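# Topology and contacts: notes
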Amino acid sequence: MSTNAEIKTQIRQTLEDKLIRYFGVHSDEATPEQMYKAVALSVKDSLSSKRGEFTKTVKKAREKKIYYLCMEFLVGRTMKNAIMNLGLEDEYREVLRDMGHDLDASYNMDPDLGLGNGGLGRLAACFMDSLTTLGYAATGFSICYEYGFFKQKLVEGNQIELPDMWMDRGEVWLNPRTDKACTVRFGGTVHERWNGDKCDIIYENYNEVRALPYDLLISGSDSKAVNNLRLWKAVDTTTFNMNLVSQGQYVRAMQETSNAEIISKVLYPSDAHDEGKLLRLSQQYFLVSASLQSILNDHLAVYGTLGNLADKIAIHVNDTHPALVIPELMRILIDVYSYTWNDAWRTVTKIVSYTNHTVLPEALETWNVDLFRLKLPRIYMIVEEINRRLCADLWKMYPGDWDRISRMSVIAYNQIRMANLSVIASHTVNGVSALHSDILKKTIFHDFYKAYPAKFTNVTNGIAHRRWLCYSNKGLSSLLNETIGDSYRKDPQRLSEFIKYKDDKAVLERLREIKAENKLAFSKHWFNKTGVALDVNSVFDTQVKRIHEYKRQLLNVLKVLSLYAEIKNNPNAEITPTTFIFGGKAASGYHMAKNIIRLIWSLGEEIAKDPVARDIIKVAFVEEYNVTESELLMPATDISEQISLAGKEASGTGCMKFMINGALTLGTLDGANVEIREAVGDDNIYIFGLTDSQVDDLWKRGYESVKYYMQSDRLRSAIDILSSKTLAGNDFKSIVSYLLYSHGVSDPYMCLADFDSYTKTFDRMMKDYADAETWSKKSLVNIAGAGFFAADRSIKDYADNIWHINQVK
C-alpha cells in the first residue's frame, strides 16, 4: 500500500502530465479552468483503472447483473463525490495548494450534469451510488441530453427556460465508446412472411438512427467496484448531402442531418402537441432499443448463448418511460433469435421488474394508437399480441366481466397503457413507500393485485447518505464520528446509536453550533449569488421540489400570506423571524405551476418592500435549484415542508435528506412521512391534515372549498390579499378563482381543507423552536432514526427480494 507522500507525488505527477498533454502548460501557468480539467482527467483515470479490475472480477465471478433503465439520472456534480469516494480529498487538496491552486475552485467549476430533473432521477443516481459501494455488478442506462432539462431563469417572477450547456465542462467526465455504437429503427412498414411454422419479418422504408454511447463511471465509497452509467447520443446516419451544399442550400443540408439528433437534445420535451409526443416516444424507444442491444451483445460475449439469459441478467424499469423494453426484447428474441412467442414471453417475464412512482391517474403514461403504430410499427404488432393474449387469459379468469378486462387491458379506447404493460410483463411490481404500495393495491392496480397478488411488494426509497450527510454536512459527520464512530458510513443503521446522546447537553449544543455554521454557509452563498442578505438567526423553513399542484407549494404560500396579513394588522405581533425558502422547476408547458412560481417571487418582493414585515419574514426562491444547491441548503434547514395532499405523493426522498441533516418534518401522512413518523415517534415530527381515507371520504361527501374560506378568519385574511391587491405589480385573482370559484373542481388538492390544521401545527413548531434544548433533542432523534432511509437498505431489498443478485467478491 502506498504511503501518503507517495500518493501525493503520484497525483502531482499525473496533474502535471495532464496539463502538458492537453494544454501545453505547467502548473504555475495553468488557469483555474485548465487545472479543473486536469483534476477531472486524473480522477477519471483512477476510476477507469478500478473499472478495469472490477470488470475482470465480474467476468470471473459470472454473477448475475442488474441493468437499471431510467429516463433521467440526476447525478449532480461528479468531481467532489468521486474524490471523496476514492478517499483522496485531503491528498488532492494539499497537492493543489502546493501547486498554487485550490481544490474548492475546481469543485465550483464542476457542472451539475444535465441528465435529470427531479426525484426520479435523483433516486436513480442514489441507487447507482449504493449498488457500486455495496459491490454489485450494475449498469445504468439513459440518454445523453445535450441541453439537459433546462436552465431556469426568473425574470420578474416569470420562469424562462434556457438550454443547460452542461457539456461544455461536463463532457470531460464522459468516455465516448464508438466501438459500442448501434442502430435503432423508426417508422417504415412491416410485413410477415410465413414459411411453414416460421415467420420472417420484413422491415422496409424505415429511418435509422445511430446510437453512440457515452460512459459515465460511477464510483463507490471505499469499494473495489466501479460501475457504468451508459448514456446514448442520437446521431443521424444520413450521408451529408454535398449536392445541397454545392447548390448553396447549407441550412437544408444541416437540417437533413440533424432531424434524428433532436432525440438526445432535451429531457422531457413538451408533449402538448403531437410533435412533442412523437419525440418523447422516440426517446423512449431509442433508449430501450440501444440498451438492449448493448446488454445482449455483452451477454453473448461472455456466455455465447442466450439460453441462460434469465439467470444472468435482471432489467429494472424505473417508472413507465422505459417500459418499451418489454416489447423490444420480445421483438429481438422472436425476430432475430427465432424464439417462439411462449419462450420469449417466459424469458421476458423472468427478467423484467417494474417500480411505479405515481398514484395520479393522469400521470400514468399512455400513447395514442395511431401515433404509436406510425412510429413503431413492429413494436405495435407485438404490443397488440400481448394485449390479445392477456385479454384471452382474463376472459378465462373473469368470464363476462368486460369492465374488468377493459380496465386491465394494455390497449383500450385507442390508447396504449404503459403501466398495464409494465405490470403484466414484470415478475415483480413495487411501490416506493409502505403507504404508496398499499394505495397501488387498493386503487390503480387493484384489479391486477386481485389477479396476481404475488407480483406486488414494497421497497421504500432511500438516499445516498454518504453524499447527503458525510460529504455535504462535514460538521455533523465529524460529530457522529466522535460519538458513535464512522461505521455508519458503510452501515447506516448504526446511526441509531446516536440516540443515546439525546440528553447530552454538550452534544446538543454542538448540534446547534453546526446548524448555525451551516446556515451561515448557505447565507454567504445566497448573498454571493443574489446580493440579498438572509437572517441567519431566523428559522429556515424550506420547501424545495418540483413545482406541482399536488405538492401544494400554494398551501405554503397561503401560510406566509396569513403571517404577512397578521403583521400588517398588528406590527407588534409575536411572530418568530422566519425565512421561507422555496425552489424547484415547473415543466415548460405547465402554466399553473409557472403561475405559482410567479406568486412566490411576487410575495417575496412585496414583503421585501415592507419596512416592518421584512424584518420578521422573508421569502426566497432558489433559482435553478439543483443537487449542488441542495447540498448547501439541506444541512442549513430547520423545517422540512412535506405537505402534499395525503395519498398523492408516492414517497419523496427530499424528506429523508432533510431528516438525516437534523431538520424536523412538517407534513401530512403521505409518502415516506408515514414511515418517518414510525422511525422517530409522534413527538419528533409535526403531522397535520387529512389522511388519505379522510380525503376520499370528503370527496364522496362533496368538497366545497368556499366553506373553509368562510369559516377561517386566518385563511380569509390570506386569500383576501390576493383578491384585493396586486403583489409586486402582479395580479393573482386567477389563483383565487382556482381556489374558490372554478367551473370544475375548486381547490382540487384541498389546500383550504388542510389550512387551519397546517397553520396551527406550524405555530406549535414555532413554540417548540423557542426551546432550543427541546428542539435539538428532536433534531437528534431524527438523525438517529434516518438509517432506515439510506439507499443501501433499499438496494439490499431490491437485490435480495426482486433482482436476486449477489455482491461480487
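We now turn to the structure provided with this report. (Residues numbered from 1 in each chain as written. Predicted model: local features only at pLDDT ≥ 70, side-chain atom pairs only at ≥ 80, totals over all residues. Heavy atoms only, no water.)

Take the overall build of the protein next. Regarding its fold elements, the protein presents 34 helices and 23 strands. Projected onto the principal axes, the alpha-carbon positions of the protein cover approximately 90 × 75 × 65 Å. When burial is assessed residue by residue, the protein has 58% of its 809 residues classed as buried. In the protein, the proportion of contacts linking residues at least 24 apart, taken out of those at least 6 apart, comes to 75%. Summed over all atoms, the accessible surface of the protein reaches about 32,200 Å², with 48% contributed by carbon and sulfur. Distance from the positive charge centre (97 side chains) to the negative charge centre (103 side chains) of the protein: 3 Å. (Helix = DSSP H or I, 4+ residues; strand = E, 2+ residues; numbered from the N terminus. Buried < 20%, exposed > 50% of the residue type's maximum accessible area, 1.4 Å probe, protein only. Contact = heavy atoms within 4.5 Å. Areas by Shrake-Rupley, 256 points an atom, 1.4 Å probe, with all protein chains shown as cover. Lys, Arg positive; Asp, Glu negative; His and termini not counted. Charge placed at Lys NZ, Arg CZ, Asp CG, Glu CD.)

Before going further, it helps to examine helix H3 (residues 79–86). Most of H3 is tucked away, with seven of its eight residues classed as buried. Three or more residues of H3 are buried, namely Met-79, Asn-81, Ala-82, Ile-83, Met-84, Asn-85 and Leu-86. Positioned one or two residues after H3, Gly-87 has a phi angle of 75°, which is positive.

This brings us to the pattern of salt bridges. Within this structure, the stated rule accounts for 53 salt bridges. Taking the shortest distance from any N to any O, the salt bridge between Arg-93 and Asp-104 comes out at 3.2 Å. In this pair, Arg-93 sits in helix H4 (residues 89–98) while Asp-104 sits in helix H5 (residues 103–109), placing the two residues eleven residues apart along the sequence. The salt bridge partner of Arg-346 is Asp-343, with a shortest N-O separation of 2.7 Å. Note that Arg-346 and Asp-343 are positioned in helix H13 (residues 341–351) at a spacing of three residues, about one turn of the helix. On the basis of relative accessible area, Arg-346 is assigned to the partly exposed category, the value being 43%. (Salt bridge = Lys/Arg side-chain N within 4 Å of Asp/Glu carboxyl O.)

Sheet strands line up and pair through hydrogen bonds in the backbone, either parallel or antiparallel. Taken together, the three strands give an open sheet; going across it, the order is S13-S15-S14, and neighbouring strands pair in antiparallel fashion. Two strands in the sheet have a free side with no partner beyond their single neighbour: strand S13 (366–368) and strand S14 (411–412). For S14 and strand S15 (residues 415–417), the ladder comprises two bridges, and the chain directions are antiparallel. Bridge pairing in S15 links Ala-412 to Gln-415. With respect to the sheet, helix H17 (residues 418–425) is in contact with S13 and S15, its orientation differing from that of S15 by roughly 40°. (Pairing = 2+ DSSP bridges. Axes fitted to C-alpha atoms, helices over the stretch in contact; angles between N-to-C directions.)

This part takes up a nonpolar patch on the surface. A contiguous nonpolar patch, built from Val-155, Ile-160 and Leu-162 and spanning about 220 Å² of accessible area, is present on the exposed surface. For Ile-160, the position within the fold is in strand S4 (residues 158–162). In this structure Ile-160 comes out as partly exposed when scored by relative accessible area, which is 34%. (Patch = residues over 30% accessible without salt bridge, like charges linked within 9 Å, V, L, I, M, F, W, Y side chains within 5 Å.)

According to the stated counting rule, one finds zero disulfides in the structure shown. With no disulfide of its own, Cys-144 has Cys-182 as its nearest cysteine by sulfur position, at a separation of 14 Å. (Disulfide = S-S within 2.5 Å.)

Summed over all chains, the structure comprises 27 aromatic pairs. Measuring from ring centre to ring centre gives 6.4 Å for Phe-141 and Trp-232, while their planes differ by 10°; the resulting arrangement is stacked. A residue pair is termed long-range when its members are at least 10 positions apart, and Phe-141 in strand S2 (residues 138–143) and Trp-232 in strand S10 (residues 226–236) qualify at 91 residues. For the pair Phe-141 and Trp-232, one class covers both residues: buried. With 4.7 Å between their ring centres and 45° between their planes, Trp-395 and Trp-402 make a pair best called tilted. Judged by its relative accessible area of 61%, Trp-402 is exposed. Through pairs of rings, three or more aromatic residues link up here, namely Tyr-68, Phe-73, Phe-127, Tyr-798 and Trp-803. For the cation-ring pair, Lys-519 lies above Phe-540, with the distance from its terminal atom to the ring centre recorded as 5.0 Å. (Phe/Tyr/Trp six-rings, centres within 6.5 Å; stacked < 30°, edge-to-face > 60°. Lys NZ or Arg CZ within 6 Å of the ring centre and 35° of its normal.)

We now examine the nonpolar core. Across soluble globular proteins, you tend to see nonpolar side chains buried next to one another. Core analysis: the largest hydrophobic core is formed by 200 residues, its most contacted members being Phe-286, Phe-372, Ile-416, Phe-498 and Trp-803. Among the elements that take part in this core, helix H10 (residues 274–303) stands out by supplying ten residues, more than any other. Filtering out sequence-adjacent residues up to four positions away, Ile-416 remains in contact with Glu-365, Thr-366, Trp-367, Val-369, Phe-372, Tyr-380, Val-383, Val-410 and Ile-411. Residues Leu-563, Tyr-590, Phe-621 and Ile-643 belong to the second largest nonpolar core, which totals 70 residues. (Core = buried A, V, L, I, M, F, W, Y, C linked by side-chain atoms within 4.5 Å.)

This part covers the sheet that holds strand S23 (residues 686–687). Across the sheet, six strands lie side by side as S20-S19-S18-S21-S22-S23; this open sheet has parallel pairing. Two strands bound the open sheet, and with one partner strand each, they are strand S20 (617–622) and S23. Pairing of strand S18 (residues 539–544) with strand S21 (residues 639–642) involves two bridges; the strand directions are parallel. By the bridge assignment, Thr-542 is partnered in S21 with Ser-640. Relative to strand S19 (residues 578–583), helix H23 (residues 553–569) is tilted by about 155°, and along the sheet it contacts S18, S19, S20 and S21.

Another point: the pairing of strand S11 (residues 313–318). Most of S11 sits inside the fold, with six of its six residues counted as buried. Burial of S11 is two-sided: the residues Ile-313, Ile-315 and Val-317 facing one way and the residues Ala-314, His-316 and Asn-318 facing the other way are all buried. As judged from the five bridges shared by strand S1 (residues 65–69) and S11, these two strands associate in the parallel manner. Note that in S11 the partner of Tyr-68 across the bridge is His-316.

The N-to-C vectors of H10 and helix H12 (residues 325–336) enclose an angle of 45°; their axes lie 9 Å apart at closest approach. By the angle between their axes, H10 is oblique relative to H12. The handedness of the crossing between H10 and H12 comes out as right-handed. Seen from H10, the contacting residues are Tyr-285, Val-288, Ser-289, Leu-292 and Leu-296; seen from H12, they are Val-325, Glu-328, Leu-329, Arg-331 and Ile-332. (Parallel < 35°, antiparallel > 145°, perpendicular 65-115°, else oblique. Left-handed = near helix turned anticlockwise from the far one by under 90°.)

This brings us to the pairing of S18. Taking burial as the measure, the six residues of S18 include six buried ones, the bulk of the element. Residue alternation in S18 divides its side chains into two sets, Val-539, Asp-541 and Gln-543 and Phe-540, Thr-542 and Val-544, and both sets are buried. Bridge count between S18 and S19: six bridges; the pairing is parallel. When the bridges of S19 are listed, Val-539 appears paired with Thr-578.

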